[in-house]
Amino acid sequence: MPKVKRSTGDQLSHLVSVFGEQIFATDGQVLFCRACNTKVSTGKRCLVVQHIQTAKHQKSISRKEMGVQTRIGSNDHESLMIGNGDTNYRLEVMPAHQQPLTAGRKSQFSMDLCAAFIAADIPFWKLDNPHLRMFLEKYTKEHVPDESTLRKNYLPECYEETLNIIRSEVHGKKIYVSVDETSDIPGRFVANVVVGTLISDRAGKMFLLTTEILEKSNHTMIARLFNDAMNLLWPNGVRHDDVLLFISNATPYMIKAAAGLKILYPKMIHLTCLVHAINRMIEEVRSCFPEVDRLVSNGKKVFAKAPSRVQKFKEMAPEVPLPPQPVSTRLATWLEAVAYYNTYFAQVRDAVSGFACDEAASIEIIQSLLSMPYIKEQLLYITNNFSCLSRAVGRLELDNISLSKAIAVIEAVQLVLRQVHGSAAVTIKAKIDQSLSENPGYTTITKLVNILLHEEKTILLNDIEEELTSDEVALFAYAPVTACDVERSFSKYKSILADNRRRFTSQNLKMNFVIHCNAQIHGY
């Protein structure tokens, strides 16, 4: 009788029975080596024998044997002799039922190693270091893959796993979306998209969904990015009515993009970041007091990369801290610097007067500014009347602040500014009124707060243009009012795109960045 050809599954099962199920496993499609954490070519039996004789397999066996020496007498392992007759290996392994073969036929150790390296922002090429590789193999008893193996085979799977976790977290929930863009070091336009869940009794979870390199920075590209992100989040069909809030900056193209998106997302409220509104007021304060602005700016330069002047300042004013270093992108730090010079005006003036003005141009400028007769009065005026702006920024940036408290912060700032006198106060009060009136969703948000607190009984659900249900209104109790989360993600982006890591492809950069920013959902 003619031979009946075995099916692929039968052939693989036969190979497992011949060479040992403690070493090999199969899912009916491929043969998987447990020792090497890799699949084995099975066109012929000799290929399996060749695999057993490879240096990689023998090294994996040696690592297992080293691990067994520390676990002699354990009942959780089995002893096995494998080989081809001439060379035999004694291997102690976990029982087969404790080593499940994953559906993707990938090494779980390599998957975890990939995710851990990305979470810790460690480049894959660090695995080329022989000392690190030897350390990992010695103490994990696992084969450490090459960096190209992680990048090509495991990075995409870690990325898909991250996206699937995000999708499961937002499944069946209403969400908010936050979008912002910036320019990276190579000069490209980069936009990040953050999504978060809306929950009635606490702040929801936040996830960085995607990052994209844009051709241009305009309303068309932002609208396309928004839609692409929603299709990524809901691949089986976008749930347009589940997007209730869109937060962005106040640039005209963001407002124009949101206006167009409301056609597709009818329940979406577009709110521009309230911290940006306060920052615009701080910018107005700076423009009203140019001498104070120059004092803060040059005070920072005097001590930058000047250890001798720092030491001299500490000797002359031992109880006075060094002048603060305000950050240009965090304008509240400018007000904190003004408060510092107001508090330590005399000590800083006396200390700086001892510096040689020919050492740096900033020294001459700050000495001249500190000698002006009205500079002290300007510092006092700004500190007493506008320090509330920096405190407001700090409160709005809190993670778990409720919507009612956030709006109360803005209303408190408006109340304080109404009591301030002077020509500068008139300009600054006009700026906040303009910023809030141009915010397309601020009026709607204040109506929602009044409904939630039941303060004004004349405001009804029918007054909300987006036609929200009562359950959807309740979800706004802890809705965010700032774009701080998406702005913080840019700091991580710049950290990943360091000077020695500029060879990322755009897709690999996106995958690394998304995994890194969502590392908490993996437990790393």
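If you're wondering where the values come from, they're calculated on a predicted model, not measured in any experiment.

Enquirer: What should I look at first to understand the overall build of the chain in this one?
Expert: Across its full length, the chain carries 21 helices and 10 strands. When the 524 residues of the chain are sorted by exposure, 47% land in the buried category. Relative to all contacts within the chain whose residues are 6 or more apart in sequence, the contacts with residues 24 or more apart total 64%. A total of about 26400 Å² of accessible surface is found on the chain, and carbon and sulfur atoms cover 51% of it.

Enquirer: Would you explain the pairing of strand 7 (residues 189-198) in this entry?
Expert: The buried fraction of strand 7 is high, at nine of 10 residues. Two elements, strand 6 (residues 175-183) and strand 7, share nine bridges in a ladder whose sense is antiparallel. Note on strand 7: the bridge partner recorded for E181 is A191. In this structure, the hairpin formed by strand 6 and strand 7 is closed by a connection of five residues, where G187 is found at a positive phi of approximately 95°.

Enquirer: Help me understand the pattern of salt bridges in this model?
Expert: Opposite charge on two side chains permits pairing when their charged atoms draw close. Applying the stated criterion across every chain, the model contains 15 salt bridges. Of the charged contacts in the structure, one is a salt bridge between D184 and R188, with a shortest N-O distance of 2.9 Å. In this structure, R286 and D293 form a salt bridge, with 3.2 Å as the shortest nitrogen-oxygen distance. You can call R286 partly exposed: its relative accessible area is 26%. Looking at D293, the relative accessible area reads 21%, which means it is partly exposed. One continuous salt-bridge network, built from bridges that share partners, spans K174, R239, D242, K267 and E472.

Enquirer: Explanation requested: the sheet that holds strand 1 (residues 24-26) in the structure shown.
Expert: The strands that make up a sheet pair up through hydrogen bonds in the backbone, lying either parallel or antiparallel. The antiparallel open sheet is built from three strands, whose spatial order is 1-2-3. At either end of the open sheet lies a strand with only one pairing partner, and these are strand 1 and strand 3 (38-40). Going from strand to strand, the sheet's axes swing by 40° on average, the running direction of each strand aside. For strand 2 (residues 31-33) and strand 3, the ladder comprises three bridges, and the chain directions are antiparallel. In the sheet register, C33 faces strand 3, and the bridge partner there is T38. On the sheet, helix 1 (residues 8-19) packs against strand 1 and strand 2 and is oriented at approximately 160° with respect to strand 1.

Enquirer: Is there a simple way to think about helix 20 (residues 484-496) in this case?
Expert: Note: α-helices contain 3.6 residues per turn, so residues at a spacing of three or four share the same orientation. Here helix 20 is 13 residues long and its end C-alpha atoms lie 19 Å apart, about the 18 Å a rise of 1.5 Å per residue gives. By the burial criterion, the buried members of helix 20 are C484, V486, S489, F490, Y493 and I496. Considering only its buried residues, helix 20 is in contact with strand 6, strand 7, strand 8 (203-214), helix 9 (274-288) and helix 21 (506-517).

Enquirer: Honestly, the packing of aromatic side chains in this entry has me stumped. Any pointers?
Expert: Taken as a whole and assessed by the stated rule, the structure comprises 10 aromatic pairs. On the numbers, 5.2 Å between centres and 80° between planes, the contact of F303 with F313 is edge-to-face. With a gap of 10 residues between them, F303 in helix 10 (residues 290-303) and F313 in helix 11 (residues 307-316) connect regions that are remote in the sequence. Per residue, the accessibility class of F303 equals that of F313, and both read buried. With a centroid separation of 5.3 Å and an interplanar angle of 85°, the aromatic rings of Y340 and Y341 are classed as edge-to-face.

Enquirer: Can you walk me through the nonpolar core in this structure?
Expert: Note on soluble globular proteins: their nonpolar side chains tend to be buried together. Counting residues in each nonpolar core, the largest one holds 137 residues, and the members touching the most others are V177, F226, M230, L389 and F476. Considering each element in turn, this core owes the most residues, nine residues, to helix 15 (residues 375-396). For L389, the residues in contact, after removing those within four places along its chain, are I278, M281, I282, V285, L335 and V413.

The rules behind each value
- Residues numbered from 1 in each chain as written.
- Predicted model: local features only at pLDDT ≥ 70, side-chain atom pairs only at ≥ 80, totals over all residues.
- Heavy atoms only, no water.
- Helix = DSSP H or I, 4+ residues; strand = E, 2+ residues; numbered from the N terminus.
- Buried < 20%, exposed > 50% of the residue type's maximum accessible area, 1.4 Å probe, protein only.
- Contact = heavy atoms within 4.5 Å.
- Areas by Shrake-Rupley, 256 points an atom, 1.4 Å probe, with all protein chains shown as cover.
- Pairing = 2+ DSSP bridges.
- Salt bridge = Lys/Arg side-chain N within 4 Å of Asp/Glu carboxyl O.
- Axes fitted to C-alpha atoms, helices over the stretch in contact; angles between N-to-C directions.
- Expected span 1.5 Å × (residues − 1).
- Phe/Tyr/Trp six-rings, centres within 6.5 Å; stacked < 30°, edge-to-face > 60°.
- Core = buried A, V, L, I, M, F, W, Y, C linked by side-chain atoms within 4.5 Å.

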